[in-house]
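Examination of the molecular architecture
Chain by chain, the residues:
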Amino acid sequence: MAQLTGKNALVTGATSGIGLAAARRLADEGAHVFLTGRRTEALDAAVAGIVAAGGSATGIRADVADLGDLERVAAAVRERGNGLDVLFANAGGGEFAALGDITWQHYADTFNTNVGGTLFTVQTLLPLLNRGASVILTSSNIDVKGAAAFSVYAASKAALRSFTRSWAAELAGRDVRVNSIAPGPIGTPGLSGLAPDPEAAEQLLKNLASGVPMNRLGRPEEIADAVVFLASPASTFMTGAEIYVDGGASQI
Ligand code: NAP
């Protein structure tokens, strides 16, 4: 039975990978899903796919690092009415840069998207969150580990882990829950895109899979299942938590 019938959900970074899989799953569960991303064609394709599968969706082209874009997202949610029940602040990414090679631009790009983008997405949508709403952030299992040449990205995700705790405290009185999902290596265009060419990508994915106790990469749909759990009444006593969906990589 659909668990989110009549609910409104927003997924940022829904044109690809984890966000796209989550948008599809939330729509399958009966939610109307607002999808965002910067690439118009990919956004249109994502919305069309959900509608073709019988779901209900709206696409809004938006950069999470642009306050004007975030206001347009809020306006679209407001226009539909009934507020927002699920906010999956997922847009993000990173690039390798070893200590010694890190530029201000690398730092600013990573933090503006992953940290600022998440912060201002949640803050802009805050007035529209209904009682009982679920806010879900995409952190990473790297937030409790370290990774050579990936320190800025790891620090940005650790910041999201911290936001999760503080915002859960702030919003508990409004009956809004805040949790994060910490994926391990998940087979997405974003993960492959960390490598400079297809050959290097194949090697990178192989290396990452071998570091997972389950000896494989995760699938975006396996993160989407955790999103639905945190969005649904199955998790109503959870807030401030982080769920590791990483094949045991950070735990064993
Ligand atoms: P992906 O396939 O590259 O998807 C990233 C999504 O974020 C795209 O839809 C992209 O859309 C969007 N995005 C990026 N920058 C944006 C911006 N400034 N404004 C709006 N949208 C933006 O990567 P993914 O692996 O699914 O990553 C999704 C999230 O999971 C990220 O936060 C990532 O850090 C996190 N994560 C991934 C893994 C993994 O192994 N894949 C592991 C841990 C955490 P546009 O290009 O259309 O803007």
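I will try to describe carefully the structure that is included in this document.

Around the ligand lies a shell of 30 residues, among which T15, S16, R38, Y153 and T188 are the nearest. One nitrogen or oxygen atom from the side chain of D63 is found 2.8 Å from a nitrogen atom belonging to the ligand. Measuring from an oxygen atom of the ligand, one finds a side-chain N or O atom of T188 at 2.6 Å. The protein chains hide 91% of the 880 Å² of surface that the ligand would expose on its own. Counting only elements with at least two residues in the shell around the ligand, the list comes to α1 (17–28), α5 (151–171) and α6 (189–192). Among the residues forming the shell around the ligand, the class breakdown is eleven nonpolar, 15 polar and four charged.

In this section: the nonpolar core. Counting residues in hydrophobic clusters, the biggest one holds 32 residues, and the most contacted among them are L26, V33, L35, I136 and V227. Of all the secondary-structure elements, those providing two or more residues to this core are β1 (8–11), α1, β2 (32–37), α2 (40–52), β4 (84–89) and α8 (220–231). Every residue in contact with V227, bar those within four places of it in the chain, is listed here: A22, L26, F88, I136 and I181. With 28 residues, the next largest nonpolar core counts A62, V73, L125 and L160 among its residues.

Rules behind the numbers
Per chain, residues are indexed from 1 in the order of the written sequence. Local features are withheld for residues below a pLDDT of 70 in this predicted model, meaning they are given only at 70 or higher, and side-chain atom pairs are given and counted only at 80 or more; totals for whole chains, interfaces and linings count all residues. Note that the side-chain values use all heavy atoms of the structure and ignore hydrogens as well as water. The nearness test applies per residue and asks whether one of its heavy atoms lies within 4 Å of the molecule or strand. Any pair of nitrogen or oxygen atoms within 3.5 Å is treated as a polar contact; in protein, a donor-acceptor pairing is required on top of that, and neighbouring residues in sequence qualify only through side-chain atoms on both sides. Values of accessible area rely on a 1.4 Å probe in the Shrake-Rupley scheme; residue burial ignores everything except the protein chains shown. Per the convention used, a helix needs a DSSP run of H or I reaching at least four residues, while a strand needs a run of E reaching at least two, with both numbered from the N terminus. Three categories are distinguished: nonpolar for Ala, Val, Leu, Ile, Met, Phe, Trp, Tyr, Cys and Pro, charged for Asp, Glu, Lys and Arg, and polar for the others, with Gly belonging to the last. Nine residue types can take part in a nonpolar core, namely buried Ala, Val, Leu, Ile, Met, Phe, Trp, Tyr and Cys, and a core is a set of them joined through side-chain atoms within 4.5 Å. Relative accessibility under 20% of the residue-type maximum defines a buried residue, over 50% an exposed one, and the middle range a partly exposed one, all with a 1.4 Å probe and only protein chains included. In what follows, a contact means two residues having at least one pair of non-hydrogen atoms within 4.5 Å.

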